[in-house]
Amino acid sequence: MKETLYKIKAFLQSAPFKKYAKRFGFFVLGLVALLLIVCGALSVYFNRNKTEIIAKINTKINENINGEFHVGDFQYKFLTGFPNFTLALKDVELKDKQWKTHQHTLLKAKEIEARLNVWSLIQNEINIHKILINDAEIYLYKAENGYSNSDIFKPKKKKSPENTSDRETTIDQVDLSKVHFILDNRIGHKLFDFDVASLKTKVDYDGDDWQTNVFLDTQIKSLAFNTVHGSFAKEKQLKGTFDVSYSSEKEKIDVKTENLKIGTDAFDIVAFFNLAKGNALFGINIGTTILWKNASNLLSGNISSKLNRFDLKKEIDVNCDIKGDFNAEGDPKIVVQAIIKNNELSIPDGLLTDCSFKGIFTNNFKPSAGFNDANSAVIITHLSGNFQNIPIIVPQVTINNLEKPIATGLVNADFDVTRLNEMSNDKWIQFSEGHAKANLKFQFDIVDLYITKPRFIGNVNVENTSFYFIPKDIHAEKINVQLDFTEKALLIKKIAYKHKNNTVFMEGKIDNFLNLYYDAPEKMVVNWDIYCPNLDMKQFLSILSSSQKKKTASKPKKRVTMSEQLRSTIEKCIVDINFKADKIVYNHLTASNTKAEIMMIDSKLIIKNGSLNTSGGSITFNSVVSPNGKNFNFSSNAQVTRVDISSFLKSFNNFGITSFSPKNLKGRLSSQANVTGFINSQGELITNSMHGNLTFNVNQGALLNFEPIVKVGKFAFPFRDVKNITFSDLSGNFKLRGEQVDINNLTISSSVLNLDAEGIYSFGSGTNLALTIPLRNSKNDAQLSSQAERDAVREKGIVLHLVAVDDAGKMKIKWGKKEK
C-alpha cells in the first residue's frame, strides 16, 4: 500500500504530468473565457436589439391571443440556461377581452423565464424551448354562459401543403415554481385550486402528438367536481410523477402514475381527458391500500361526513372510478369498490368484529336517475362478522338514497342466546342458555346513520332457552320459541314456558306488527292462545308487578337502542289472551276447567267472561287487576253458584273475618259481588281493603258452634240445639267499606230460631249490629208450604232486640236496639 502511494506521488510530481496539467488548465481557462465572450456578446446583442426582440416576442404572443398581454420589464440573465438565450419577463399579466366583466386574470406572474434558441434568434426567429414560471397565479375561468377566459388563445392555423415542412414554435420544457393554479368552471360547478410548489416537465414531440413525464409537488386547496358538495383531498399534499401523453387524432390526454403520494398514502392513477370541442369527458381510476379514515377524508364533504361515522381498524384495498363531463352540471359518476378481510368495523350502532365483505359505492344506482345523493347506494355482499358477539352472515345488503337512506337485504344468524346479554345495556333480561337461528329479509331506515325501525320478513327459532326477566323477577326455563315475520303479522308459535310450578303453552299473533312496533307500540295488540295444565295463580300475578320508577334529574336525550326499544314495546303493548287451564291453584282454592279472556294493558290485567269450577260449584267473573306500588288493586264482578261454603271461605281466608271460621258453616253458597280491594305481592287478600256490594244466600246450610249464637242460646234457648243449626233461609245484602260492613239485610231462618240483623259489622272496632230474634221455636217453620205463611208466623210471640257491639276487641251482646 505504501509502495502504491509512493508511485502515485512520484507521478504527480513528474515533469510530463505537470506539462499536460498546465495545458489542460489553459484549455479550461480558454473555454471559460470563450463562454464569457459569447455570453457577453449575447448580452450586447440583447441590449442592442432589445426593442426588436421585445417586439418579436409581443408579436409572437399577440398572434396567438385575443386579449391583452402586459410585461413590466425584460431582462437578460447572464449565463443562465447557456447555451440558450434566457430572457426574464417581469410582472407579466395576461387578460382576455372580457376581463372587465368577470375580473379573473388568466395569468399574473412576477417572473417568467423564456429560454430561446440562440441560432434561431440570430436568424431573427423566436424559438422558445423552455418556460419557467415563478411566483404566479393562473386562473382559468368558465362563466355560466359558456364563455372561458382561456378562449384568449387563437386556434392554430392549418398548415398549407407548401409549408408543411416548417415547424411551428414549440415549448419543449415547462417548469413552475410557487404557482397558484385555479380552474373555475361555473357551468359544472367545478373548482380546482392548487398551490403548486414545483412542476417540471420535458415534452417529446412526435408530429402533433407528444408525451412527457411531469413531476408535481402541490397542495390541493380544492378538487371539487361539484362545489355544492365540497372538495376531494382538501388541504392534502400531492407529490409524484405523471406519465402524460397527447393524441392529436383522438384529441385526448392520457395520464398514468404509480405510487403517487396524496397526504401520507400512495395511489396508482390512470386517467384520460378529452380536449375536442364539445367533448369534455374525463375518467379517473384510482387504486390504493389505505385506512378507512384516510380514504374518507380524501372524499368530498357530502360523502366523508357520512363515512366518518364508520371506521375500519385495518387497511383496505380500494378502487375508485370517476367519470364525468367538465361541462356538465352536478357530480361525475363515482364508483368505489373495497375488499375487507378479517377487519374490525365500527358503526354508529356498535362494533362488528372478525368482519369480511365486499363493498361498492355508486352515485348512479338507477342509471337513468342522475348522479346525486338521492340516487346513491352502498352495496355490501358476502358480509360476515360478529355483532356484539353475535355471529351474523349477510349475503347482500343495499343502502340506497343517501338523502333518506333505506337498507334492504338478507341476514342469517346461528348463535347461543347467551350472547344477547351483551346487547342489553340496562340489563333488563339475562339469558342463561339456549340456541337461536334466524333467516330474515330486512329493511330499515337510517337516520343520522343510525339504524331505525328495522323490519323483517322470515323466521327466528329459539330452542331450550332459559332467562331471567329482571323487571318482573321472572325466571323462565327451557322455552322453545318460533317467530314467523310476515308482511301483515308476526306469528309466535310453539312456546313452552315453564316457571316454577307453572307450565304454559302459548301461541300468538300480532297484526300490523312492523308498523306499530315503532310508531305506536301502545296500540299493538298481542293475541295469545294460552293453555295451562297446571297454574299457580300467585306466581302468575308476579308477572304484573312493576317496580316503582325513581325520579331522576333530567338528562339530555340520547338515541334509543334496540334493546331499549324492545323493552319499551313490551311494557306498552296490549296483550289479549284466550286463556284455558285444567287446574288453577290460588292459596287454598283449587279450580278446574278455567276459561277467560284476559287483556294486559300498561301492566293492568283485565279479565272478561271468566269461568271456573271450584268447591263443588262454579264461578263466573269479570275482573281488573293492576299494580299499585308493591301491591295489586283489583275490582271484580263475580257470580258464585252453589259452591260449598266452608271450602269456598277457606280458599279466601274467610275474607279476613275472625268472628267465625269456615268450619262454622255448611251449605251451598250462591252470591253476587261487585267489589274492589287490594292483594299483596304474595297474592294474599289484604284484610279490610274491600269496598262494594255483596248479596248471598245459602242452601242446605248449617251453622255449627257459632260463638255469638251459642252465647245467646245458653240463657235464651237452653233446650234448643244451638250448636247445630240448620237453615231454610240464610241470605244477606252487604255493603263493604273496608274495615266495616254495612249489613243492610241479614236473614236467618233456622231450626233453632229466626234472626234478622242490621247495622255495622267491623273487622276492627266499631261493630254496631242490631239483632232481632223471635223467641218462638222455628223448628217446624220449614215445613210450611209457602214463603207467605213463613213470613206471617216469623215474629209471633216474644221478640228479643239485642245489640252486638265491640268490647275490648271482643263481641259483646246486650239488650237494646242498634246504637247510633
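Now for a quick tour of the structure. On a predicted model such as this, the values are computed, not experimentally measured, just so you know.

1. A word on the overall build of the protein chain
Part 1 of the argument: Scanning the protein chain from N- to C-terminus turns up twelve helices and 37 strands.
Part 2 of the argument: Looking at the protein chain as a whole, 43% of its 820 residues qualify as buried.
Part 3 of the argument: The contacts of the protein chain with a sequence gap of at least 6 include a subset with a gap of at least 24, amounting to 52%.
Part 4 of the argument: As displayed, the protein chain has an accessible area near 44900 Å², and 54% of this comes from carbon and sulfur atoms.

2. Here we look at the pairing of strand E14 (residues 333-347)
Within a regular strand, the side chains alternate between the two sheet faces.
Part 1 of the argument: The pairing of strand E12 (residues 311-312) with E14 spans two bridges and is classified as antiparallel. The residue of E14 that forms the bridge with Leu312 is Leu345.
Part 2 of the argument: Pairing geometry for strand E13 (residues 316-325) and E14, over seven bridges, is antiparallel. Residue pairing across strands places Asp321 opposite Val335, the latter belonging to E14.

3. Thoughts on the pairing of strand E31 (residues 691-704)
Part 1 of the argument: Sheet topology places strand E30 (residues 665-679) next to E31; eleven bridges connect them, and they run antiparallel. For Ala673, the partnering residue across the bridge sits in E31 and is Leu694.

4. Quick look at the side chain of Asn274
Part 1 of the argument: Mapped onto the fold, Asn274 is located in strand E10 (residues 265-274).
Part 2 of the argument: For Asn274, a relative accessible area of 15% translates into the label buried.
Part 3 of the argument: Every residue in contact with Asn274, bar those within four places of it in the chain, is listed here: Lys250, Glu251, Lys252, Asn279, Ala280 and Leu281.

5. Some points on the environment of Asp536
Part 1 of the argument: Summarising the element assignment, Asp536 is placed in strand E24 (residues 525-536).
Part 2 of the argument: On the accessibility criterion, Asp536 (18% relative accessible area) is buried.
Part 3 of the argument: C-alpha separation for the pair Asp536 and Lys583, spaced 47 residues apart in sequence, amounts to 8.7 Å.
Part 4 of the argument: Residue contacts for Asp536: discarding those within four places in its chain leaves Asn501, Asn502 and Val585.

6. A word on the nonpolar core
Part 1 of the argument: Residues Leu89, Trp528 and Phe579 are the most contacted members of the largest nonpolar core, which totals 169 residues.
Part 2 of the argument: Here Phe579 is in contact with Ile530, Cys532, Leu535, Ile584, Thr594, Lys595, Ala596 and Ile598, once residues within four sequence places are set aside.

7. Some words on the side chain of Ser231
Part 1 of the argument: When you line up the elements, Ser231 lands in the loop between strand E7 (209-224) and strand E8 (236-247).
Part 2 of the argument: Here the side chain of Ser231 touches Leu223 through a polar contact of 2.6 Å, landing on its backbone nitrogen.
Part 3 of the argument: Setting aside chain neighbours within four positions, we find Ser231 in contact with Lys221, Ser222, Leu223, Ala224, Leu299, Ser300 and Gly301.

8. Things to note about the packing of aromatic side chains
How two aromatic rings sit relative to each other is set out by the distance from centre to centre and by the angle between their planes.
Part 1 of the argument: Here the structure, examined in full by the defined rule, presents six aromatic pairs.
Part 2 of the argument: When the ring of Phe181 is compared with that of Phe194, the centres are 6.4 Å apart and the planes differ by 25 degrees; the resulting orientation is stacked. Here Phe181 is found in strand E5 (residues 173-185), whereas its partner Phe194 is found in strand E6 (residues 190-206), with 13 residues between them in sequence.
Part 3 of the argument: Of the residues examined, Phe194 reaches a relative accessible area of 17% and is grouped as buried.
Part 4 of the argument: Between Phe505 and Tyr531 the ring centres are 6.3 Å apart and the planes differ by 20 degrees, which places this aromatic pair in the stacked class. One end of the pair, Phe505, is in strand E23 (residues 502-511); the other, Tyr531, is in strand E24, and 26 residues separate them in sequence.
Part 5 of the argument: Classification of Phe505 by relative accessible area gives partly exposed; the value is 39%.
Part 6 of the argument: Lying over the aromatic face of Trp99, Lys95 brings its terminal NZ or CZ to 3.9 Å of the ring centre.

9. Observations regarding the environment of Asp602
Part 1 of the argument: Position of Asp602 among the secondary structure elements: in the loop between strand E26 (589-601) and strand E27 (604-614).
Part 2 of the argument: Look at Asp602 and you get exposed, because its relative accessible area is 54%.
Part 3 of the argument: A C-alpha to C-alpha distance of 5.6 Å links Asp602 and Lys572, two positions 30 residues apart in sequence.

10. A look at unusual backbone geometry
Part 1 of the argument: Its identity is not glycine, yet Glu235 carries a phi of approximately 60 degrees, on the positive side.
Part 2 of the argument: Positionally, Glu235 belongs in the loop between E7 and E8.

11. A closer look at the pattern of salt bridges
Part 1 of the argument: Taken as a whole and assessed by the stated rule, the structure comprises nine salt bridges.
Part 2 of the argument: The salt bridge involving Asp321 is made with Lys323; its shortest N-O contact spans 3.9 Å.
Part 3 of the argument: Classification of Asp321 by relative accessible area gives partly exposed; the value is 22%.
Part 4 of the argument: With a relative accessible area of 45%, Lys323 lands in the partly exposed category.
Part 5 of the argument: Linking Arg737 and Asp742 is a salt bridge whose minimum nitrogen-to-oxygen distance equals 2.8 Å.

The rules we used
For every chain, the first residue of its written sequence is number 1, and the numbers climb from 1 along that sequence. In keeping with the model being predicted, local features are shown solely for residues with a pLDDT of at least 70 and side-chain atom pairs are shown and tallied solely at 80 or more, while totals for entire chains, interfaces and linings include all residues. Only hydrogens and water are set aside when side-chain values are computed; all heavy atoms of the structure are taken into account. Elements are defined by DSSP. Helices are runs of H or I of four residues or more, strands are runs of E of two residues or more, and each kind is numbered from the N terminus. Burial classes follow relative accessibility: with a 1.4 Å probe on protein chains only, a residue under 20% of its type's maximum area counts as buried, one over 50% as exposed, and anything between as partly exposed. Contact definition: two residues touch when any of their heavy atoms are within 4.5 Å. Only the protein chains shown count as cover for residues, with accessible areas throughout obtained via the Shrake-Rupley method and a probe of 1.4 Å. Two strands pair if DSSP finds at least two bridges between them. Nonpolar core, defined: a set of buried Ala, Val, Leu, Ile, Met, Phe, Trp, Tyr and Cys residues in which side-chain atoms within 4.5 Å join the residues together. By the criterion applied in these results, polar contacts are pairs of N or O atoms within 3.5 Å in which, for protein atoms, one can donate a hydrogen and the other can accept it, and in which residues neighboring in sequence qualify only through two side-chain atoms. Note on aromatic contacts: the rings of Phe and Tyr and the six-membered ring of Trp form a pair at centre separations within 6.5 Å, being stacked when their planes are under 30 degrees apart, edge-to-face when over 60 apart, and tilted otherwise. We call a charge positioned above a ring when the Lys NZ or Arg CZ atom is no farther than 6 Å from the ring centre and deviates by at most 35 degrees from the ring normal. Here a salt bridge means any side-chain nitrogen of Lys or Arg lying within 4 Å of a carboxyl oxygen belonging to Asp or Glu.

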